[in-house]
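Here is what each chain is made of, one letter per residue.
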Amino acid sequence: MLRFMFIRILQALPVIFVVITATFFLVRSAPGGPFDQEKVVIPEVKQALEAQYRLDLPLHEQYLAYLGDLAQGDLGPSFKYPGRSVNEILFAGLPVTAELGLYALIIALCIGVTAGVFASLKPNTAQDYVPMSLAMIGICMPSFLLGPLLVLVFGIWLDWLPITGWGDIPGDKILPAVTLGSAYAAYIARLSRAGMLEILSQDYIRTARAKGLPEWRVVTQHALRGGLIPVIAFLGPAFAGLLAGSFVVETIFQIPGLGRFYVQAAFNRDYTMILGTTVFLSSLIVFFNLVSDIVAAWLNPRLRQQFQGGGS
Amino acid sequence: MVSRQPNTSHLFSSGFSAICCALLLLTACGGGESNVVTGNRDGVLHYGNGTEPQGLDPHVVTGVPENHIIRALFEGLAVKNPVTLEPEPGVAERWEFSDEGRVITFYLNPEAKWSNGEQVTASDYVWSWNRALHPMTGNEYSYMLFPVVNAEAYLKGEVTDFNEVGVKALDDTTLEVTLNAPTPYFVQLMDHYSTFAVHPETLMQFGEMTDRYTPWTRVGNIVSNGAFTLTEWSLNRRIIVKKSEHYWDRDKVSLNAVVFYPMENVVSEERMFRVEQLHYTQVVPLDKIPLYRDMPDTPYVQAPYLGTYYYLINTKRPPVDDARVRKALAMSVDREKLVRTVLQETAVAAYSITPPDTLGYFPPKLFDYDPEQARALLAEAGYPNGEGWPGLEILYNTNEGHRKIAVAIQQMWKSELGIDITITNQEWKVYLDSVTQIDFQIARRGWIGDYVDANNFLDLFITDGGNNNTYYSDPVYDDLILYKAPKAETREERYALFTEAETMLMEEMPIIPIYTYTSKHLIHPSVEGLHSNLMDSLNLKYVKLVPGRTLPEALR
């Protein structure tokens, strides 16, 4: 198991390095720079600005300098927000985005697993078709539509819930978490239905039923553990996706998270910010993939045995 | 099989209760009063402010959201009257002109204090202007001080001793400024944040004078001299300022605090206004405007704005290198129709670069929508009924609004002149690059005035001006703007010279004026003293909240 983890980590490092290098040179090749504005900047002022941010050095020296800073954990100063470092902006937004992502994931799991399991118990009946059709709608409905729709119904017509903010007014976290979670709930519902259907046709389930166990015990104690493996494998990338993909929800609900910076940095040609967010999020994706591989391996007895056999 | 039904529903209900638990995690139950209700009671204005500010250092940042917050925290030598826009006392209680307007002496109010209680002195201004103009600071608005003797030379490194720049502290409360030439709008510039004073000791505590990214503007560090002081700055969430105890005119300040919200999503901003979370919105979504406008007692406020939307023409590239073609194009744009349909009456048709009534200056209307004459001009240029037309491309930065206008104009030119036009969009920074390199035939452009004076629009088109972008060049025009207008003795004489320059410009038509911008806000009925003006410039010192007033029936 340890060797498996070690190899996976070693594989991850070159991936991140390639991401850094590709991002660095790609953003530099885009026309326009961080100090280009609609009102033209006086050449002397532009020179002074470029010197303050090391942009006057040859590109390869800038690259090496950036790698040097990165090795020390310094993502550099933001171009767009003078007086703030990229580290500071990332760490200000991360807890909020992570919290939002976590709630969204909890909601997605509760709704998704319940609906998926429910549907798998009576395949090809109304009990299957109704939740699965809803799941299909959930996958198709983009958050920029669902968010304003929920706001209109629950925030404005019914006036039950606050429509913007994060932790300012009680209940203001509900709508964004539901909006962000719903698409993932739909995926999870489909994954858990498929997983459960496969497991429920296995011999050991028949044995359990033959023993006379009530159906709910068969499902919760025997089938769920195996049936949810595809869901577990999906959770790692899903959480990373929630962190990186919360931009739309964050702007609709005015949430001070990471997503907004991630997207705006590209428009602003905020070089250090683009690099910082990309490196950070790609590391997260690699990390969560690693974690979900390990959890899936641990849940699946056959895989676990393989590691114990091959690893020792 | 029989027992399955209740059992699965058991499973389902446990799942449902799990959802309820998750939702309970997120909420801590309890209704609440809206921001507007509590704000009106406590004197707190909730203000939608566009984007997260880049920063709060007056010599470093540029932009409108920054302007609103910085002008709450700091005050210039003179401020603009929110109704007339004429300068009125700020830090300086009065000022005098001498040497035919070439020297201005500002007499500082001895009661003008920094938020730490220290007096704002004339030498603070000398230090701050040195910082604002120092080549190392990289102040993008440093040109605001260029009317001052040697200011430009200092920025460009041609003069290295700041003592040679025309600003002197005669004593603690007397600041003498020497200008290159009489500059009627110079006092107005004292309300622009790039000319504001900063507190030297505070800055030096965190770094060098010219450092751009020290934390001196953070809560707890910042020392400012305006009506408000900074108490909270949560990134992308809100900025709170509260009434200053040391501000010289504090008795006039009615608000206890202002909360600035970065509102990037204009649709969310409008929704927040509707549920009374905001007193004031920075903008209004275009598709909501007709609805609001027709409402009785509407909170919608629209006013002319000091900005012009126009098309730049590359005067060196055929077929628009011919002035007759340029005029034909300008004359066949039906601006009134464009304003009525595409822009939903949220703009004013423009026939000149300077917006009308710029501090009493009304530009001449030198041409009109005249397809007949346009066709004649085009035929004269060798394209009768569009025959032999080589094609023309309109460039705009990716934006739905710009696209709609380009499409409308493309249609008008096609139907009036029989010529084919293509339209193309580029992402913002790519577009800026193309405009700077003058790599286009026709490009969309907007100019928002920095100060209320026709000079700010007309000096764009001097030869090789940084924002000219058209290759337009005429020594007579340069002479009018750079030498004759500054020497004019009366306002009438000066405005006559501007009219002359404007006429020359429309004769050659290196640009096609399209419309004058408007400012558009939703303002809660409880807010008083937020006057509309050409600069969309607010002075929070005059704003009052009256409790008990509610939004119109149609919104509730």
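Above this text sits the structure in question.
Being a predicted model, the structure only gives us computed values, none of them experimental.

1. Digging into the overall build of chain B
Here's step 1: The number of helices and strands found in chain B is 17 helices and 18 strands.
Here's step 2: What you see for chain B is a C-alpha radius of gyration of 27 Å, in line with the 24 Å of a compact globule of 556 residues.
Here's step 3: With respect to the principal axes defined by its C-alpha atoms, chain B has extents near 90 × 80 × 45 Å.
Here's step 4: In chain B, 69% of the contacts between residues at least 6 apart in sequence involve partners at least 24 apart.
Here's step 5: Summed over its atoms, the accessible surface of chain B is roughly 21600 Å², and 51% of this surface lies on carbon and sulfur atoms.
Here's step 6: Taking the average location of the 47 positive side-chain charges in chain B and that of its 73 negative ones, the two points are 7 Å from each other.

2. Considerations on the interface of chain A and chain B
Here's step 1: At the interface, 71 residues of chain A touch 71 residues of chain B.
Here's step 2: For the pair chain A and chain B, the summed buried area comes to about 6100 Å², and 59% of that belongs to carbon and sulfur atoms.
Here's step 3: In this structure, the connection of chain A to chain B is made through 3 salt bridges.
Here's step 4: Here E264 of chain B makes a salt bridge to R260 of chain A, at a shortest N to O gap of 3.5 Å.
Here's step 5: Taken together, the links from chain A to chain B amount to 12 residue pairs in polar contact (both at pLDDT 80 or more).
Here's step 6: For the side of chain A that touches chain B, the secondary structure elements donating two or more residues are α2 (43–52), α4 (86–121), α6 (143–157), α7 (174–200), α9 (215–227), α11 (247–252) and α12 (259–268) of chain A.
Here's step 7: Broken down by element, the side of chain A that touches chain B gets its largest block of residues, 12 residues, from α4 of chain A.
Here's step 8: The class makeup of the residues in the side of chain A that touches chain B is 40 nonpolar, 17 polar and 14 charged.

3. What to know about the sheet that holds strand β9 (residues 238–243) of chain B
Residues and elements named next belong to chain B.
Here's step 1: The 4 strands are arranged β1-β10-β9-β8 in an open sheet whose pairing can be described as mixed. Of all strands in the sheet, those bounded by a partner on one side alone are β1 (44–48) and β8 (228–234). On average, each strand axis in the sheet is tilted by 20° relative to the strand beside it, whichever way the strands run.
Here's step 2: Judged from the 6 bridges that link them, β8 and β9 form a sheet pairing that is antiparallel. Pairing of L230 across the sheet is with V241, part of β9.

4. Let's talk about the packing of helix α10 (residues 323–331) of chain B against helix α12 (residues 371–380) of chain B
All names here are of chain B.
Here's step 1: Axis separation between α10 and α12 bottoms out at 8 Å; the angle between their running directions is 160°. The pairing of α10 with α12 is recorded here as roughly antiparallel in orientation. Regarding α10 and α12, the two cross each other, and that crossing is left-handed. Residues R324, V325, K327, A328 and M331 of α10 form the contact with α12, whose own contacting residues are P371, Q373, A374, L377, L378 and E380.
Here's step 2: For the contact of α10 with α12, a count of residues per class yields 7 nonpolar, 1 polar and 3 charged.

5. Re the sheet that holds strand β12 (residues 348–349) of chain B
Residues and elements named next belong to chain B.
Here's step 1: Read from one edge to the other, the open sheet built from 6 strands follows the order β12-β16-β11-β15-β13-β14, with strand pairing classed as mixed. At either end of the open sheet lies a strand with only one pairing partner, and these are β12 and β14 (421–426).
Here's step 2: Each of β11 (300–313), β13 (392–397), β14, β15 (442–448) and β16 (511–522) touches helix α13 (residues 400–417); the most contacted strand, β13, lies at about 165° to it.

6. Looking at the packing of aromatic side chains
The relative placement of two aromatic rings is captured by the distance of their centres and the angle of their planes.
All names here are of chain B.
Here's step 1: Scanning the entire structure with this criterion turns up 37 aromatic pairs over all chains.
Here's step 2: Relative to Y143, the ring of Y141 lies with its centre 5.8 Å away and its plane at 55°, an arrangement referred to as tilted.
Here's step 3: On the accessibility criterion, Y141 (11% relative accessible area) is buried.
Here's step 4: Overall, the relative accessible area of 24% leaves Y143 in the partly exposed class.
Here's step 5: Centre to centre, the rings of W428 and Y431 are 5.6 Å apart; their planes meet at 25°, and the pair counts as stacked. Highlighted residues: W428 and Y431, both in helix α14 (residues 428–436), separated by 3 residues, approximately one helical turn.
Here's step 6: Assessed through its relative accessible area of 29%, W428 is described here as partly exposed.

7. Things to note about unusual backbone geometry
Residue and element names in this part refer to chain B.
Here's step 1: With an omega of 0°, the peptide bond running from P318 to P319 counts as cis.
Here's step 2: Here P319 lies in the loop between β11 and α10.
Here's step 3: With a phi angle near 60°, E276 is a residue other than glycine that sits in the positive phi range.
Here's step 4: Mapped onto the secondary structure, E276 falls in the loop between α8 (266–274) and α9 (289–293).
Here's step 5: Relative accessible area serves as the criterion here: at 15%, E276 is assigned to the buried category.
Here's step 6: Its identity as a non-glycine residue notwithstanding, I438 has a phi of 50°, on the positive side.
Here's step 7: Relative to the assigned elements, I438 resides in the loop between α14 and β15.

8. Here's the deal with empty space enclosed by the protein
Think of a ball as big as a water molecule: rolled over the atoms, this probe shows where empty space is left.
Residue and element names in this part refer to chain B.
Here's step 1: A complete count under the given rule lists 5 cavities of 30 Å³ or more for this structure.
Here's step 2: Its volume calculated, the largest cavity comes out at about 170 Å³.
Here's step 3: Along the wall of the largest cavity there are 18 residues; nearest its centre are R71, A72, F74, E75 and N539.
Here's step 4: Residues belonging to the lining of the largest cavity are distributed by class as follows: 9 nonpolar, 4 polar and 5 charged.
Here's step 5: Size it by volume and the second largest cavity reaches roughly 80 Å³.
Here's step 6: If you go around the second largest cavity, the residues you meet are Y280, S519, H521, I523, L530, H531, S532, D536, S537 and L538.
Here's step 7: Its residues assigned to classes, the lining of the second largest cavity comprises 4 nonpolar, 5 polar and 1 charged.

9. Things to note about a nonpolar patch on the surface
All names here are of chain A.
Here's step 1: Among the surface-exposed residues, F6, I7, L10 and L13 lie close enough to one another that they form a single nonpolar patch of about 400 Å² accessible area.
Here's step 2: Within the secondary structure layout, L10 lies in helix α1 (residues 2–29).
Here's step 3: Relative accessible area serves as the criterion here: at 46%, L10 is assigned to the partly exposed category.

10. Describing α4 of chain A
Here's step 1: Its 36 residues give α4 of chain A an end-to-end C-alpha distance of 50 Å, which sits within 8% of 52 Å, the value for a rise of 1.5 Å per residue.
Here's step 2: Within α4 of chain A, the axis deviates most sharply at L94 of chain A, by approximately 30°, and proline P95 of chain A lies no more than four positions further along.

11. Points about the pattern of salt bridges
Opposite charge on two side chains lets them pair, provided their charged atoms get close.
All names here are of chain B.
Here's step 1: For the structure shown, the criterion picks out 38 salt bridges over all chains.
Here's step 2: The shortest N-O distance in the salt bridge between R41 and E33 comes to 3.1 Å.
Here's step 3: K414 is paired through a salt bridge with D420; the nearest N and O atoms lie 2.9 Å apart.
Here's step 4: Taking the relative accessible area as the measure of exposure, K414 reaches 41% and is therefore partly exposed.

The rules behind each value
Residues numbered from 1 in each chain as written. Chains lettered and ligands numbered in written order. Predicted model: local features only at pLDDT ≥ 70, side-chain atom pairs only at ≥ 80, totals over all residues. Heavy atoms only, no water. Helix = DSSP H or I, 4+ residues; strand = E, 2+ residues; numbered from the N terminus. Rg over C-alpha atoms; globule rule 2.2 N^0.38 Å. Contact = heavy atoms within 4.5 Å. Areas by Shrake-Rupley, 256 points an atom, 1.4 Å probe, with all protein chains shown as cover. Lys, Arg positive; Asp, Glu negative; His and termini not counted. Charge placed at Lys NZ, Arg CZ, Asp CG, Glu CD. Buried area = accessible area lost by both parts, 1.4 Å probe. Salt bridge = Lys/Arg side-chain N within 4 Å of Asp/Glu carboxyl O. Polar contact = N/O pair within 3.5 Å; in protein donor to acceptor, adjacent residues only side chain to side chain. Nonpolar A, V, L, I, M, F, W, Y, C, P; charged D, E, K, R; others polar. Pairing = 2+ DSSP bridges. Axes fitted to C-alpha atoms, helices over the stretch in contact; angles between N-to-C directions. Parallel < 35°, antiparallel > 145°, perpendicular 65-115°, else oblique. Left-handed = near helix turned anticlockwise from the far one by under 90°. Phe/Tyr/Trp six-rings, centres within 6.5 Å; stacked < 30°, edge-to-face > 60°. Buried < 20%, exposed > 50% of the residue type's maximum accessible area, 1.4 Å probe, protein only. 1 Å grid on protein atoms, 1.4 Å probe; cavity = no way out; pocket = protein on both sides within 12 Å on 5 of 7 lines; lining within 4 Å. Points joined across faces, edges and corners; volume = space filled by probe spheres on them. Patch = residues over 30% accessible without salt bridge, like charges linked within 9 Å, V, L, I, M, F, W, Y side chains within 5 Å. Expected span 1.5 Å × (residues − 1). Bend = angle between axes of the 7 residues up to and from the residue.

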